[in-house]
Amino acid sequence: MGGAGLTGGRLLAAMLAWPAGVALQLQQRELWPAAAALALLGAGVLLLAIGLRWRRGGGVAVCLGIALIAFGSTSGRASLRLAELLPAELEGQDLVLTGVVASLPQTGPNGLRFRFAVEQAEAAGRPVALPAVVSLGWYTGFHEDATLSAPQAALRAGQRWRFGVRLRQPHGQLNPHGYDLELALFEQGVRAVGAVRDRPVPERLADGVAAPVERARQRVRDAIRAHVADPRAAGVLAALAVGDQGAIPRDDWALFRATGLGHLMSISGLHVTMFAWLAGALIGAAWRRSSRALLRLPAVQAARWGGLAAALAYAVFAGWGVPAQRTVWMLAAAVLLRAAGLRWPWPLVLLAAALTVSVVDPWALLQPGFWLSFSAVALLMASEPARLPAEGPGTESRLARVRQVLLGAGRTQLVATLGLAPLTLLFFQQLSLVGFVANLVAIPLITLLVTPLALLGMLAAPAWSLAALLLRPLTAWLEWLAAWPLAVWTVPAAPLWARAAGLLAGALLVMPLPWRLRALALPLALPLLLPAVDRPAPGRFELVAADVGQGTAVLVRTHAHLLVYDAGPQYSREDDAGERVLAPLLRARGERRIDLLMLSHRDTDHVGGAAVLLATWPVGELLSSLEDGHPLRARAARDRPCEAGQAWTWDGVRFEVLHPRAADLAQVARPNARSCVLRVDAPGQASVLLTGDIEREQELALLERQAPSLRSDVLLVPHHGSRSSSSAEFLAVVQPRVAVVQAGYLNRFGHPAADVLARYRGAGIGIVTSAACGAWTLRATGEECERDVARRYWHHRAADAPP
């Protein structure tokens, strides 16, 4: 290998250099020009060539060269992917697409989602260029893009259709510690999303013209649904057989997460590895029976290559999801190393697998599954299981082997549970305390019985019935475990140093070290398990206007109290802002209780997530304008109407309700007119006016009654910037420094209206929109947009969002 000699430590350093270069590139806020990426690639190749020839200092040059190649190549790939973005001028336009359904349609309570390979696209009769593949929804019922036509049942993978659609660039909600949808879509190569429209009427042109694998997946999923009467069991079997995770209802996903089984109910590395191992064992056994086959290839090698081929086939049939891809590349790296006669120690083999994954999918390094998968394998290998000596031939020896297997299984699960706990808390701020017990039963049941039966059912459908029968007692047991007190442990998001200490604690706890060293794990883990939570000083408050799309949700935190003003929209019958946005945000902030939940009025874009908050968080009181008999009022332990004149002080911060009056509450048919208007004032810091959906009539009434109380530094723009609100007279009295608009990106209502924004700008008022800013946070030390704080090059550019 020349002068540098990549062996031992140098080889390890060289292998680490690639993911290091990728990780550095993933921190870029803006992507460098393509010329810079080419220059880095060239410099990296030059350094690599020089380093391989030098005897002294060659290792450093090799590592630097590899890191530069990784950085440059990832930048180049990112540039190509960014260039595929839907042109901004086509967003929201009526387009006509002809193409092929390229994926298994994902069914939900509101319709379908699927990938569509575009063959032809037109706008107003003229051809336009679009990304090769777009993600489409075809919705009915409860959805803002619902259509009146409903031929969705006829949609199948591989069909050619002509659709009228409206598309937009990928844009997700961005909140502190929240899910990054834009990263997920970027990693998947999705550069346009949209919905099918009623006009022109959707037209099926041909069947079975493409996507044979996806067609087969859909046939299997449909057969499972037809054969298994229990929809919960059918959903799990479809997820395990063909990777259709959308077949599992939201409530069941919540149950699996609470019991630590989320990784088992989708095509994960565990399933692919077990399938590869089983296929390899069968191929090896069959190979040994053929002397001619043994002459061509040893049985051991045949088993390895056969297992890898089986893993690849299973992963492709299951949808080629990112977790399955990672596992296939990991297995491929291990098989290729053994085929090359390289007997590397396990850390190098594992690192080679991780290196392969980062080469194929650089953005995998930002996914929790990447670190959880490789960390689990590393911990199991590093923990070095103790082996029980055989007791001699006979029954005792068999019993000892059974005992050894059971102890080994328990030990493996204990190592995985303890060792991965810090990573789980780091990524999700919660940990299932019943997960160890649940996995002891569920892992062998799901991996050794249910999953093989789900696959066997493709050949013999009665196997699905048997698998469903096994799932029923498992589900009942999991529900019993999830009902335990403290079944799930939640922690706030910890600072970086506490996360590092927690990861070290997990490793120390399971490695074969003296107990005096393992004992260090407890003090190291404490800052992660019980992190200090930063709260405003007395007399100060922190406000977070969450990014919930088209709706309102605001957190107001004082030194010792939390108020939540509105709970965001309900996105579908199974999805709302409470579950998707507010619950993760509250957990990450270390909020254990909501002292006051104020619901301004009954519209679903303001109360859509309230049921989740009332069910999962202790709520001291509900204050709202909801009419008598509203179901949300029945869920609250204590509730009363909001009414002008109510006021209280928390920790030196004054809260005052300015609207509605008793007469306004009588207008049940006009929920906007009943909106609770709340003013928050911390002298010396700032004042905020939260307005719900009041309209011009209510604004003028407020001016007549209590104009002096309206002056505020920050205004939550009434009715999301609708033309019905934000009158010039109202703005002249409030005189805010900043106006915050909570509205969805390219929403169907056109909020905020252009003339309303012009009115604010004409008054010299700064404007913040959630579409351009993400979550907006106001503290005593200043204010910030989450899109500025967390900005990465794959995020939708703030300049592209409505001004």
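Residues numbered from 1 in each chain as written. Predicted model: local features only at pLDDT ≥ 70, side-chain atom pairs only at ≥ 80, totals over all residues. Heavy atoms only, no water.

1. Observations regarding the sheet that holds strand 24 (residues 738-741)
Then comes step 1: Pairing in this open sheet of seven strands is mixed, and the strands run 19-20-21-22-23-24-25 from one edge to the other. At either margin of the open sheet sits one strand with a lone partner, and together these are strand 19 (647-650) and strand 25 (766-769). Ignoring which end each strand starts from, the neighbouring axes of this sheet average 20° apart.
Then comes step 2: Of the strand pairs in this sheet, strand 24 and strand 25 are connected by four bridges, and their pairing is parallel. The partner of V740 across the bridge, within strand 25, is V768.
Then comes step 3: Of the strands in this sheet, strand 20 (653-659) and strand 21 (677-682) are in contact with helix 25 (residues 696-706), which crosses strand 20 at around 120°. (Pairing = 2+ DSSP bridges. Helix = DSSP H or I, 4+ residues; strand = E, 2+ residues; numbered from the N terminus. Axes fitted to C-alpha atoms, helices over the stretch in contact; angles between N-to-C directions. Contact = heavy atoms within 4.5 Å.)

2. Observations regarding the state of the cysteines
Then comes step 1: Considering all chains together, one arrives at two disulfides under this definition.
Then comes step 2: The disulfide partner of C773 is C785, and the gap between their sulfur atoms is 2.1 Å. Looking along the S-S bond of the C773-C785 disulfide, the torsion reads about -110°, which is the left-handed sense. Here C785 lies in strand 27 (residues 782-785) and C773 lies in helix 28 (residues 770-773), a separation of 12 residues in the sequence. This pair shows no difference in class: C773 is buried, exactly as C785 is.
Then comes step 3: Cysteines bonded in the chain are numbered consecutively along the chain; their disulfide partners then correspond to 1-2, 3-4. (Disulfide = S-S within 2.5 Å. Buried < 20%, exposed > 50% of the residue type's maximum accessible area, 1.4 Å probe, protein only.)

3. With respect to helix 6 (residues 231-242)
Then comes step 1: In this model, helix 6 (12 residues) spans 16 Å end to end at C-alpha, consistent with the 16 Å of a helix rising 1.5 Å per residue.
Then comes step 2: Helix 6 sits mainly inside the fold: 10 of its 12 residues count as buried.
Then comes step 3: Taken residue by residue, helix 6 has A233, A234, G235, V236, L237, A238, A239, L240, A241 and V242 as its buried positions.
Then comes step 4: Considering only its buried residues, helix 6 is in contact with helix 5 (212-227), helix 7 (250-258), helix 8 (269-288), helix 10 (299-317), helix 15 (435-456) and helix 16 (462-482).
Then comes step 5: For helix 6, the capping residue at the N-terminal end is D230, with a side-chain oxygen 3.1 Å from the backbone nitrogen of R232.
Then comes step 6: In the stretch just after helix 6, G243 is the one whose phi turns positive, near 75°. (Expected span 1.5 Å × (residues − 1). Polar contact = N/O pair within 3.5 Å; in protein donor to acceptor, adjacent residues only side chain to side chain.)

4. A short note on the packing of aromatic side chains
Then comes step 1: The full count for this structure, using the stated rule, is 20 aromatic pairs.
Then comes step 2: Pairing F114 with F163 gives two aromatic rings, centres 6.0 Å apart and planes at 50°, and the pair type is tilted. Of this pair, F114 sits in strand 3 (residues 111-123) while F163 sits in strand 6 (residues 160-168), and the two are 49 residues apart along the sequence.
Then comes step 3: Judged by relative accessible area, which is 2%, F114 ranks as buried.
Then comes step 4: Ring geometry for W480 against W484: centres 5.1 Å apart, planes inclined by 85°, an arrangement best described as edge-to-face. (Phe/Tyr/Trp six-rings, centres within 6.5 Å; stacked < 30°, edge-to-face > 60°.)

5. Examining the environment of S266
Then comes step 1: The topology assignment puts S266 in the loop between helix 7 and helix 8.
Then comes step 2: Exposure remark for S266: the relative accessible area of 10% places this residue in the buried category.
Then comes step 3: Here the alpha-carbon distance between S266 and G321, two residues 55 residues apart in the chain, equals 9.8 Å.
Then comes step 4: In this structure, S266 is in contact with L240, Q245, W253 and H271, ignoring residues within four places of it in sequence.

6. Considering a nonpolar patch on the surface
Then comes step 1: On the surface, a cluster of nonpolar side chains totalling about 370 Å² of accessible area is made up of L522, L526, L529 and L530.
Then comes step 2: Mapped onto the secondary structure, L526 falls in helix 19 (residues 521-529).
Then comes step 3: Residue classification places L526 among the partly exposed positions, given a relative accessible area of 38%. (Patch = residues over 30% accessible without salt bridge, like charges linked within 9 Å, V, L, I, M, F, W, Y side chains within 5 Å. Areas by Shrake-Rupley, 256 points an atom, 1.4 Å probe, with all protein chains shown as cover. Salt bridge = Lys/Arg side-chain N within 4 Å of Asp/Glu carboxyl O.)

7. Digging into the sheet that holds strand 18 (residues 639-641)
Then comes step 1: Pairing is mixed across the open sheet formed by eight strands, whose spatial order is 18-17-16-13-12-11-26-27. Two strands lie at the open edges of the sheet, namely strand 18 and strand 27, each paired on one side alone. Adjacent strand axes in the sheet meet at a mean angle of 15° when their direction is disregarded.
Then comes step 2: Examined bridge by bridge, strand 26 (residues 776-779) and strand 27 share four bridges and lie antiparallel to one another.

8. Some details on the pairing of strand 11 (residues 542-545)
As a general feature of sheets, a regular strand has side chains that alternate between the two faces.
Then comes step 1: Residues of strand 11 alternate between two faces, with E542 and V544 on one and L543 and A545 on the opposite face, all of them buried.
Then comes step 2: In terms of strand pairing, strand 11 meets strand 12 (residues 554-557) through four bridges, oriented antiparallel. Across the sheet, residue V544 finds its bridge partner in strand 12, namely L555.
Then comes step 3: The sheet contact formed by strand 11 and strand 26 spans three bridges and is antiparallel. Of the residues in strand 26, the one forming a bridge with V544 is T777.

9. Here's the deal with the confidence of the model for the chain
Then comes step 1: With 93% of its residues at a pLDDT of 70 or more, the chain has an overall mean of 89.
Then comes step 2: For residues 385-395, every residue scores under 50 in pLDDT, and the model assigns this stretch nine contacts once sequence neighbours within four places are set aside.
Then comes step 3: The model gives residues 799-803 a pLDDT under 50, and that stretch makes 13 contacts with residues more than four places away or in other chains. (pLDDT = per-residue confidence, 0-100.)

10. A short note on the pattern of salt bridges
Then comes step 1: This model, assessed by the stated rule, comprises 36 salt bridges.
Then comes step 2: Note that R557 is salt-bridged to E591, the shortest N-O span being 2.4 Å. Separated by 34 residues along the polypeptide, R557 in strand 12 and E591 in the loop between helix 20 (577-588) and strand 16 (596-599) bring together distant segments of the chain. Residues R557 and E591 agree in their burial class; the two are buried.

11. Here's the deal with the nonpolar core
Then comes step 1: Among the nonpolar cores identified, the biggest contains 38 residues, and L237, F256 and M265 are the most heavily contacted of them.
Then comes step 2: For this core, the elements supplying multiple residues, two or more each, are helix 5, helix 6, helix 7, helix 15 and helix 16.
Then comes step 3: Apart from the residues within four sequence positions on either side, M265 is in contact with V236, A239, L240, I248, W253, F256, I446 and L474.
Then comes step 4: Judged by nonpolar contacts, the second largest core, of 32 residues, contains W650, V657, L678 and C773. (Core = buried A, V, L, I, M, F, W, Y, C linked by side-chain atoms within 4.5 Å.)

12. A word on the packing of helix 8 against helix 10
Relative orientation and spacing of two packed helices are given, respectively, by the angle between their axes and the distance between those axes.
Then comes step 1: Helix 10 packs onto helix 8 with a crossing angle of 140° between their chain directions and a minimal axis gap of 7 Å. Regarding the angle of helix 8 to helix 10, the classification is oblique. Crossing geometry of helix 8 relative to helix 10 is assigned as right-handed. Counting all contacts with helix 8, which are made through H271, V272, F275, A276, A279, G280, I283, G284, W287 and R288, the residues of helix 10 involved are A299, A302, A303, G306, G307, A310, A311 and Y314.
Then comes step 2: Grouping the constituent residues of the contact of helix 8 with helix 10 by class yields 12 nonpolar, five polar and one charged. (Parallel < 35°, antiparallel > 145°, perpendicular 65-115°, else oblique. Left-handed = near helix turned anticlockwise from the far one by under 90°. Nonpolar A, V, L, I, M, F, W, Y, C, P; charged D, E, K, R; others polar.)

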